[in-house]
Amino acid sequence: MHIAVLGNAGSWYVADLQRAAAERGDRCTRMDYRQLTARVLDPHVDQTPPSSLISAPEGSLDDCDAVLVRTMPPGSLEQVVFRMDALLTLESRGVVVVNPPKAVECAVDKYLCTARLSAAGLPTPPTIVCEDSETALAAFTELGGDVVVKPVFGSEGRGILRVSDPDLALRTFRTLERIDAVIYLQKFIEHEGYAVRVLVLDGQILGGMKRSNLADFRTNVARHGQTEPHAVTEDEAALALRATQTVGARFAGVDLLDGRCGTRYVVEVNAVPGWKAFQRTTGTDVAAALLDSRRSNHCVAPTPES
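Each value, and the rule that gives it
- Residues numbered from 1 in each chain as written.
- Predicted model: local features only at pLDDT ≥ 70, side-chain atom pairs only at ≥ 80, totals over all residues.
- Heavy atoms only, no water.
- Salt bridge = Lys/Arg side-chain N within 4 Å of Asp/Glu carboxyl O.
- Helix = DSSP H or I, 4+ residues; strand = E, 2+ residues; numbered from the N terminus.
- Buried < 20%, exposed > 50% of the residue type's maximum accessible area, 1.4 Å probe, protein only.
- Expected span 1.5 Å × (residues − 1).
- Arc of directions from axis to C-beta.
- Core = buried A, V, L, I, M, F, W, Y, C linked by side-chain atoms within 4.5 Å.
- Contact = heavy atoms within 4.5 Å.
- Pairing = 2+ DSSP bridges.
- Axes fitted to C-alpha atoms, helices over the stretch in contact; angles between N-to-C directions.
- Lys, Arg positive; Asp, Glu negative; His and termini not counted.
- Phe/Tyr/Trp six-rings, centres within 6.5 Å; stacked < 30°, edge-to-face > 60°.
- Lys NZ or Arg CZ within 6 Å of the ring centre and 35° of its normal.

A. Region of interest: the pattern of salt bridges. For the coordinates displayed, the defined rule picks out 18 salt bridges. Of the charged contacts in the structure, one is a salt bridge between Asp-62 and Arg-93, with a shortest N-O distance of 2.4 Å. Of this pair, Asp-62 sits in the loop between strand 5 (59–60) and strand 6 (66–69) while Arg-93 sits in the loop between helix 2 (77–92) and strand 7 (96–98), and the two are 31 residues apart along the sequence. Exposure remark for Asp-62: the relative accessible area of 13% places this residue in the buried category. Connected through salt bridges with shared partners, the residues Asp-16, Arg-19, Glu-23, Arg-24, Asp-285 and Asp-292 form a single ionic network.

B. Molecular detail of helix 6 (residues 166–178). End to end, helix 6 covers 18 Å across 13 residues, agreeing with the expected 18 Å (1.5 Å per residue, within 8%). Among all positions in helix 6, only Ala-169, Leu-170, Thr-172 and Phe-173 are buried. For helix 6, the angular spread of buried residues about the axis comes to 165°, placing them on one side. Pointing more than 90 degrees away from the buried face of helix 6 are the exposed residues Asp-167, Arg-171 and Arg-178.

C. Inspection of the nonpolar core at higher detail. One finds Val-5, Leu-17, Leu-68, Phe-251, Trp-275 and Leu-291 to be the most contacted residues of the largest nonpolar core, which totals 24 residues. When residues of this core are traced back to their parent elements, those giving at least two are strand 1 (2–6), helix 1 (12–23), strand 6, strand 7, strand 12 (194–201), helix 8 (276–282) and helix 9 (286–295). In contact with Leu-17, other than residues within four places in its own chain, are Val-5, Cys-28, Leu-68, Arg-70, Trp-275, Ala-287, Leu-290 and Leu-291. Leu-117, Val-198, Ala-240 and Ala-271 belong to the second largest nonpolar core, which has 21 residues in total.

D. Broad picture of the sheet that holds strand 9 (residues 147–150). In space, the 4 strands of this open sheet follow the order 8-11-9-10, with antiparallel pairing throughout. Among the strands making up the open sheet, the edge pair consists of strand 8 (127–130) and strand 10 (161–163). In this sheet, neighbouring strand axes are inclined to one another by 25° on average, regardless of whether the strands run parallel or antiparallel. Examined bridge by bridge, strand 8 and strand 11 (residues 183–187) share 4 bridges and lie antiparallel to one another. Residue Ile-128 lies in a different strand from strand 11, and its bridge partner there is Leu-185. Helix 4 (residues 110–119) contacts strand 8, strand 9 and strand 11 of the sheet and is inclined by roughly 40° relative to strand 11.

E. Main features of the side chain of Arg-83. Tracing the backbone through its elements, the reader meets Arg-83 in helix 2. Asp-32 is the oppositely charged side chain nearest to the buried, salt-bridge-free Arg-83, at an N-O distance of 6.5 Å. If we skip the residues at most four places from it in the chain, Arg-83 touches Tyr-33, Arg-34, Met-72, Pro-73, Pro-74 and Gly-75.

F. Spotlight on the sheet that holds strand 16 (residues 264–270). Reading across the sheet, the 5 strands line up as 14-13-12-15-16 and stay open at both edges, with antiparallel pairing between neighbours. Among the strands making up the open sheet, the edge pair consists of strand 14 (226–230) and strand 16. The average undirected angle you get between the axes of adjacent strands in this sheet is 25°. Examined bridge by bridge, strand 12 and strand 15 (residues 251–258) share 6 bridges and lie antiparallel to one another. When the sheet's bridge partners are listed, Val-198 is paired in strand 15 with Val-254.

G. Quick peek at the packing of aromatic side chains. Evaluated as defined, the whole model comprises 5 aromatic pairs. Note on Tyr-13 and Trp-275: the rings are 4.9 Å apart at their centroids and 75° apart in plane angle, and the pair reads as edge-to-face. One end of the pair, Tyr-13, is in helix 1; the other, Trp-275, is in the loop between strand 16 and helix 8, and 262 residues separate them in sequence. Accessibility classification places Tyr-13 together with Trp-275 in one group, the buried group. Among the aromatic residues, those joined into a ring-pair cluster are Trp-12, Tyr-13, Phe-251 and Trp-275. Above the plane of the ring of Tyr-194 lies Lys-210, whose end atom (NZ or CZ) is 4.3 Å from the centre.

What is shown is where atoms sit, not what they do.
In structure tokens, the structure reads:
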């Protein structure tokens, strides 16, 4: 089996996938989005379809058994759209893409993901998204005067702020307005200082991990959050599976937050989830599970809920 990994040079995750592939006698090749080439030919002239419509210097992606998406590097709108279109083209030609491009597109967009989850009946923190500072200030008041401001695109807790002072809120919103950013506000959920990360693969729970941080409301490991194994409850599993299905992902990290109000919220679905801390904490060989799922032909794309 030959697997292409769209990942960063020097990535621990690429190396881990290559390790698991070598143990199984498979090939695992890292490729770079920025070096992709797509060909669209005239069917009236080119009677024999080429073996590859999407390629990189390392070879054809069309010939791979699977393409694993491990990153989406920064780029212009045109570059990002082209990369997603290339993945869609591969998928249309029968190449297994994990995660499917539509799932990646949904999960990386916090507004779209939150809206989909809420529409599916999943509990999400009250959220208001706008583009101007005055509307944002009114939203700040509507959400109780204590909000979390997040970039629409972002991960690992980067760029996330908690704002509870009206003057600081207005200055924050005006700054975001000046740089043409979308202002994404969520009501701050009082909680016990931890969140649960549930890892899902092809409709199965791989395991759970509790992340806590007494010094910061952000529990991300990248923000020095501490981890411990967590036995996933039936309710947590049901929420994680529904959230993953709603986004349309095969492989996802779902973050759950227990509010002091008694509600368990789905706060994020990550369609390019890291597993370094998860693997260290739980002992689960996630790279092996990913490759074994593909080898056993269990990768069946879920249908998003309406």
